[in-house]
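# Summary of structural features
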Amino acid sequence: MSSYTDRTYIVFLDLPQDISNKIDKVRSKYSSSYKKYTAHITIKQDEDFSITADEICEIVSGQIEDQTLLDIELESPEIKTSKTGWNIYLPVRSNNLRKLIIKISKTLENYIDHKSPRAFLSTQWEQSSRFYAHISIKGGNIKVDPRDLLSK
């Protein structure tokens, strides 16, 4: 979703280790890139920013300092398709999480590098009604039908 420069950052929530380990056990069977990131919930999709990682951490910390415990529910895996590919994921249900994601997205929007080739694409999605909080298991391109993989 970005140009992946040294100014490309992603904000995510780590899951409790026991839950992350269970999800990563499944991910390791089907996704070669599972080691890049452990299972997580993305709060702010990748964007190219005009500020540093430390500044982003400071801003996000300020946004969550009064955050109470997030109560989330993981549902059965689903497939989401688009024109360019698909994603098998675990839906994450939580009213408070959605509000937090929008709040952080709107705050960080002010610091996105406007010259980035895909600036604001992920921000627009996070703030739209099409957004779905999720934990990705495996993604792929449109040449591969994911339904058989989902059934496994």
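The present account deals with the structure reproduced in this document.

Reading the values: the criteria
- Positions within a chain are numbered from 1, following the residues in the order the chain's sequence is written.
- Local features in this predicted model are restricted to residues whose pLDDT is 70 or higher, and side-chain atom pairs enter the listing and the counts only when it is 80 or higher, whereas totals over whole chains, interfaces and linings include all residues.
- Each side-chain value is worked out from all heavy atoms of the structure, with water and hydrogens disregarded.
- Put simply, DSSP H or I for four residues or longer makes a helix, DSSP E for two residues or longer makes a strand, and each gets a number counted from the N terminus.
- Here the axes come from fitting lines to C-alpha atoms, over the contacting stretch only for helices, and the angles between their N-to-C directions go from 0 to 180 degrees.
- By definition in this entry, angles of less than 35 degrees are roughly parallel, angles greater than 145 are roughly antiparallel, angles of 65 to 115 are roughly perpendicular, and the rest are oblique.
- The crossing is said to be left-handed when, going from far helix to near helix, the turn is anticlockwise and less than a right angle, and right-handed when the turn is clockwise.
- We call two residues in contact when some of their heavy atoms are within 4.5 Å.
- Residue classes follow a fixed rule: Ala, Val, Leu, Ile, Met, Phe, Trp, Tyr, Cys and Pro count as nonpolar, while Asp, Glu, Lys and Arg count as charged, and any other residue, Gly among them, counts as polar.
- Within this scheme, the nonpolar core is defined by two criteria: the residues are buried Ala, Val, Leu, Ile, Met, Phe, Trp, Tyr or Cys, and they are joined through side-chain atoms within 4.5 Å.
- When accessible area is computed with a 1.4 Å probe and restricted to protein chains, residues below 20% of their type maximum are described as buried, those above 50% as exposed, and intermediate ones as partly exposed.
- Polar contacts, as used here, are pairs of N or O atoms within 3.5 Å; protein pairs need one atom able to donate a hydrogen and one able to accept it. Residues neighboring in sequence count only if both atoms are side-chain atoms.
- One less than the number of residues in a helix, times 1.5 Å, gives the span that helix is expected to have.
- Working definition: the arc comes from the directions between the helix axis and the C-beta atoms, pointing outward to the latter.
- A pair of Phe, Tyr and Trp rings is counted when the ring centres sit within 6.5 Å of each other, with Trp represented by its six-membered ring. The angle between the planes then sorts it: under 30 degrees is stacked, over 60 is edge-to-face, the rest tilted.
- Counting as a charge over the ring demands two things of the Lys NZ or Arg CZ atom: a distance within 6 Å of the ring centre and an angle within 35 degrees of the ring normal.

### Overview of unusual backbone geometry
Despite not being glycine, phenylalanine 120 shows a phi value in the positive range, around 75°. With respect to the secondary-structure elements, phenylalanine 120 resides in the loop between helix H3 (95-108) and helix H4 (121-126).

### Description of the packing of helix H2 (residues 53-64) against H3
The geometry of H2 relative to H3 is characterised by a closest axis approach of 10 Å and an angle of 140° between their N-to-C directions. Considering the angle they form, H2 stands oblique to H3. You can see that H2 and H3 cross each other, and the crossing is right-handed. In contact with Ile56, Ile59, Val60, Gln63 and Ile64 of H2, H3 contributes Leu100, Lys103, Ile104, Thr107 and Leu108. Residues of the contact of H2 with H3, tallied by class, amount to seven nonpolar, two polar and one charged.

### Thoughts on the nonpolar core
Burial of nonpolar side chains together is a common tendency in soluble globular proteins. In terms of nonpolar packing, the biggest core is built from 30 residues, with Ile56, Leu97, Leu108 and Ile135 touching the most fellow members. Of all the elements in the fold, those that place two or more residues in this core are strand E2 (40-48), H2, strand E5 (85-93), H3 and strand E6 (134-141). Those residues in contact with isoleucine 56 that sit more than four places away from it in its chain are Tyr9, Val11, Phe49, Ile51 and Leu108.

### Brief notes about the side chain of asparagine 87
Along the chain, asparagine 87 turns up in strand E5. A distance of 3.3 Å separates a polar atom in the side chain of asparagine 87 from a polar atom in the side chain of serine 136. The residues contacting asparagine 87, other than those within four sequence positions of it, are Glu78, Ile79, Lys80, Tyr132, His134, Ser136, Ile137, Lys138 and Gly139.

### Some words on H3
Its 14 residues place the ends of H3 20 Å apart at the C-alpha level, agreeing with the 20 Å of an ideal helix rising 1.5 Å per residue. Of all the positions in H3, only Leu97, Leu100, Ile101, Ile104, Ser105 and Leu108 are classed as buried. One side of H3 holds all its buried residues, which, seen down the axis, span an arc of 130°. For H3, the exposed residues set more than 90 degrees away from the buried face come down to Asn95 and Lys99.

### Digging into the packing of aromatic side chains
Applying the stated criterion across every chain, the model contains four aromatic pairs. Between tyrosine 89 and tyrosine 132, the ring centres sit 4.7 Å apart and the planes meet at 45°, which makes this aromatic pair tilted. Taken together, the positions of tyrosine 89 in strand E5 and tyrosine 132 in the loop between H4 and E6 put the pair 43 residues apart, joining distant regions of the chain. Of the two residues, tyrosine 89 and tyrosine 132, both sit in the buried class. A connected cluster of aromatic rings, assembled from ring pairs, spans Tyr89, Trp125, Phe131 and Tyr132. Geometry around tyrosine 132 places lysine 80 over its ring, the cationic atom sitting 4.7 Å from the centre.

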